[in-house]
Each structure stands twice: as structure tokens, then as C-alpha cells.
Amino acid sequence: DTGVSQDPRHKITKRGQNVTFRCDPISEHNRLYWYRQTLGQGPEFLTYFQNEAQLEKSRLLSDRFSAERPKGSFSTLEIQRTEQGDSAMYLCASSLLGGQLEETQYFGPGTRLLVL
Amino acid sequence: AQSVAQPEDQVNVAEGNPLTVKCTYSVSGNPYLFWYVQYPNRGLQCLLKYITGDNLVKGSYGCEAEFNKSQTSFHLKKPSALVSDSALYFCAVRVLHYGQNFVFGPGTRLSVLP
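Conventions adopted
Within every chain, residues take consecutive numbers counted from 1 along the sequence as written. Both sets of labels track the order of writing: A upward for chains, 1 upward for ligands. The predicted origin of the model limits local features to residues at a pLDDT of at least 70 and limits the giving and counting of side-chain atom pairs to 80 or more, whereas totals for whole chains, interfaces and linings rest on all residues. Processing note: side-chain calculations cover all non-hydrogen atoms of the structure and skip hydrogens and water entirely. Counted as salt bridges are all cases of a side-chain nitrogen of Lys or Arg within 4 Å of a carboxyl oxygen of Asp or Glu. Whether a residue is buried, partly exposed or exposed follows from its accessible area with a 1.4 Å probe, protein chains only, as a fraction of its type maximum: under 20%, in between, or over 50%, in that order. We define the nonpolar core as a collection of buried residues of types Ala, Val, Leu, Ile, Met, Phe, Trp, Tyr and Cys that are connected through side-chain atoms lying within 4.5 Å of one another. Only runs of H or I of at least four residues qualify as helices and only runs of E of at least two qualify as strands under DSSP, and these elements are numbered from the N terminus.

Student: Any chance you could break down the pattern of salt bridges for me, citing the residues and the numbers?
Tutor: All names here are of chain A. A full pass over the atoms with the stated rule returns six salt bridges over all chains. The residue Asp24 makes a salt bridge to Arg22 at a minimum N-O spacing of 2.7 Å. Its relative accessible area of 25% is what places Asp24 among the partly exposed residues. Relative accessible area serves as the criterion here: at 33%, Arg22 is assigned to the partly exposed category. Residues Arg64 and Glu83 are paired through a salt bridge, measuring 3.4 Å at the closest nitrogen-oxygen approach.

Below you can see the structure in the form of C-alpha cells.
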């Protein structure tokens, strides 16, 4: 399967700990997005990369959150000093921007975070 | 600000009956509209998208949606529901010049009863 993969699928941590999630996009895709989804809500945009450049960040992305895509392939999302309010599903999506602006995003299965 | 509303949290329909999942949006500018479906333990999948052109868009699994600019709606429809259509459905909008992100609605849970 050559879809978007995320690791881990589930993470339980204690408040105050740091966590890091990984996303591997579809190999030829140059755009990578991170979203957060809480129960009963649709995904909320956090940030996106075009190749290795982080081009946009939502105001939801506090200074405890940092994302990287060092070689323009996989990406990591780190949350420092986790809080219970960080409990959510973290979704990664990738797309190919090839001239058309209306590219379709392909989503991974998500990482479910529970902060105790 | 861009926003998407899905007025129904839950839609129940009998197998074989037509289904409609409603979506309305509020944007400044011309929208790109999408429908995504989410099955348990799987990533969101794009069913269809409206970019420009014909207001009636056909997508995967026999789904279609009609873009209505005057009513700012993009309702998802299927003529005959299957039990396997039961899932969480999200409408999303994207407007250029307001960032590259998608704005998703809160989702509608569709249950198709055998």
C-alpha cells in the first residue's frame, strides 16, 4: 500500500511529557498537511509544508507545537509539555501540487493521542 | 472567515432509499468544495469535489453533489443507499487567497439500516 502512513497509531502519555508523531506521505507528493480532530468535530488545520518549507501555521499551533519536514519527505509533529486539552486525533495528509490549484488531499489513518 | 455547516449530526436512512447529507458554506470568494468520508480506523477519503463548471458533480461509490451558489449549498446525494455507506461524512471548503488550508464542517454520521 502506498498511501499516507502515520506512526504511532495510538499514544497515551502523562501531562507534561513530550510526544512526537511521524507522517510518511505518498512518495511523489510535495505538500504535507497536519490537522487535529476532536470528537464530534471536523479536522482543524494546523500547518502545511511545501517540500521542506513550512508555509503556513494556524493560530491553533501554539508554541508547544513544532513540525518539521527536513528533507521534504516524512514529517514530524512534536508536542512539548502536553496538556489534557491536546488529546485528539492528529491527521496527516499529502497532495501533489502540479500546476492545478485544486489538488486533492490524501489522508493517513491518524494518531490518536490521550493525555492523562 | 470561511465556515462550513452540516446541520444534521446524524442521518438515518433505510437501505435502498435515497440519501441526502446537507452542507452549507460561507466564504468570501469562489469556493472549491469537497466531500470526504471517514470509516473507522481509516483515513478520510475524498468522494468528490467541485472546482468549476457543471454544478452537478459525480464522484465515487455512486455519490453526487450539487453546487448551488445562490443557496451556498453543496448537498451530497445518492439515489440508493447501501449499508456499507454508513460512515462519517465531512464537507470541506477551500478558498484561494485565504491560505492553503481546508475548512471542514463538523461532520454528519450516516447510518443505513438494513
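Student: Before we move on, can you summarise the nonpolar core with the specific residues and values?
Tutor: Residues and elements named next belong to chain B. Trp35, Leu47, Leu48, Phe74, Leu76 and Tyr89 are the most contacted members of the largest nonpolar core, which totals 28 residues. Counting only elements with at least two residues in this core, the list comes to β2 (10-14), β3 (19-21), β5 (32-38), β6 (45-50), β8 (64-68), β9 (73-78), β10 (87-94) and β12 (108-113). If one sorts the elements of this core by residue count, β10 sits on top with four residues.

Student: Provide a residue-level description of unusual backbone geometry, including the pertinent values.
Tutor: Backbone phi values are negative for most residues with the exception of glycine, while trans is the configuration of most peptide bonds. Residues and elements named next belong to chain A. The omega torsion of the bond from Asp7 to Pro8 falls at -5°, within 30 degrees of zero and hence cis. Within the secondary structure layout, Pro8 lies in the loop between β1 (5-7) and β2 (10-13). Although it is not a glycine, Arg81 adopts a positive phi angle of roughly 50°. Take Arg81: it is sitting in the loop between β8 (75-79) and β9 (88-95).

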